[in-house]
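In case you want the letters, here they are:
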Amino acid sequence: MEYLTPEDPFAGSEVTWILADLGLRLVHQRPRSRHGRSGPSVLTAVHVERDHRSWRTTDLLLGLAVPGGTTARIVRSEEFAAAVAGRVLPPRDADLALRTVHRTLEEVSLQRHDLSRWLLSSGIFESWPPR
């Protein structure tokens, strides 16, 4: 899905994909100006519940920034650690987030930090970021 971000001074819209089977949300912000630079794509660990009518995601507060052309890096670790320490994030969800992000980092690294190649290797044939 894509939605406008009128409150963001730099991003005009945000494209979000839910990769439910992988436990990930993939986000790319499109710059407001056609001359602006887009930031890295971000993969965030999520817990997905879905039924025949809707999907519900719970953000697990740990992610992976993949700038393209350079090494991916883990992001939001301070927020994640605070949520775990404060018992806001249950141990089961914290473990799921850690396993998901580290598995994804390894898989993306094997594809030379190229999200399109990683998506292809995961059986997703759409280009990223979407045009």
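Note: the structure precedes this text.
Computed from a predicted model, the values in this text were never measured in an experiment.

## Observations regarding the overall build of the chain
Logical step 1: In terms of helices and strands, the chain carries three helices and six strands.
Logical step 2: Scanning the chain from its N terminus toward the C terminus, one meets helices and strands in the order β-β-β-β-β-β-α-α-α.
Logical step 3: Computed over its C-alpha atoms, the radius of gyration of the chain comes to 15 Å, within 12% of the 14 Å expected for a compact globule of 131 residues.
Logical step 4: Seen along its three principal axes, the alpha-carbon backbone of the chain occupies a region of about 45 × 35 × 35 Å.
Logical step 5: Expressed as a percentage of the 131 residues in the chain, the buried residues total 37%.
Logical step 6: Taking the intrachain contacts of the chain between residues at least 6 apart in sequence as the baseline, contacts between residues at least 24 apart amount to 38%.
Logical step 7: Within the chain, the 16 negative side-chain charges are centred at a point lying 3 Å from the centre of the 17 positive side-chain charges.

## Considering the layout of surface pockets
Logical step 1: In this structure, the largest pocket occupies an estimated 260 Å³ of space.
Logical step 2: As for the largest pocket, its lining consists of 15 residues, and the residues nearest its centre are Glu14, Val27, Gln29, Pro40 and Val42.
Logical step 3: Elements that contribute at least two residues to the lining of the largest pocket include exactly β2 (11-19) and β3 (24-31).
Logical step 4: Sort the elements by how many residues they give to the lining of the largest pocket and β3 lands first, with four residues.

## Regarding the packing of aromatic side chains
Logical step 1: Counted under the stated rule, the structure contains zero aromatic pairs.
Logical step 2: Above the ring of tryptophan 55, the side-chain terminus of arginine 50 is found at 5.2 Å from the ring centroid.

## Notes on the pattern of salt bridges
Side-chain pairs of opposite charge can arise where the charged atoms are in close proximity.
Logical step 1: Following the criterion strictly, the structure yields six salt bridges and no others.
Logical step 2: For the salt bridge of aspartate 59 with arginine 25, the shortest nitrogen-to-oxygen distance reads 2.9 Å. In this pair, aspartate 59 sits in strand β5 (residues 55-66) while arginine 25 sits in strand β3, placing the two residues 34 residues apart along the sequence.
Logical step 3: Judged by its relative accessible area of 25%, aspartate 59 falls in the partly exposed class.
Logical step 4: Look at arginine 25 and you get buried, because its relative accessible area is 17%.
Logical step 5: Between arginine 99 and aspartate 95 there is a salt bridge, and its shortest N-O distance comes to 2.9 Å.

## Some remarks on the side chain of serine 41
Logical step 1: Tracing the backbone shows serine 41 in strand β4 (residues 41-50).
Logical step 2: For serine 41, a relative accessible area of 6% gives the class buried.
Logical step 3: A polar contact of 3.5 Å, which involves the side chain of serine 41, links it to the side chain of histidine 28.
Logical step 4: For serine 41, the residues in contact, after removing those within four places along its chain, are Leu26, Val27, His28, Leu64, Ala65, Val66, Leu115 and Trp128.

Calculation notes
Residues numbered from 1 in each chain as written. Predicted model: local features only at pLDDT ≥ 70, side-chain atom pairs only at ≥ 80, totals over all residues. Heavy atoms only, no water. Helix = DSSP H or I, 4+ residues; strand = E, 2+ residues; numbered from the N terminus. Rg over C-alpha atoms; globule rule 2.2 N^0.38 Å. Buried < 20%, exposed > 50% of the residue type's maximum accessible area, 1.4 Å probe, protein only. Contact = heavy atoms within 4.5 Å. Lys, Arg positive; Asp, Glu negative; His and termini not counted. Charge placed at Lys NZ, Arg CZ, Asp CG, Glu CD. 1 Å grid on protein atoms, 1.4 Å probe; cavity = no way out; pocket = protein on both sides within 12 Å on 5 of 7 lines; lining within 4 Å. Points joined across faces, edges and corners; volume = space filled by probe spheres on them. Phe/Tyr/Trp six-rings, centres within 6.5 Å; stacked < 30°, edge-to-face > 60°. Lys NZ or Arg CZ within 6 Å of the ring centre and 35° of its normal. Salt bridge = Lys/Arg side-chain N within 4 Å of Asp/Glu carboxyl O. Polar contact = N/O pair within 3.5 Å; in protein donor to acceptor, adjacent residues only side chain to side chain.

Purely geometric numbers; function is a separate question.
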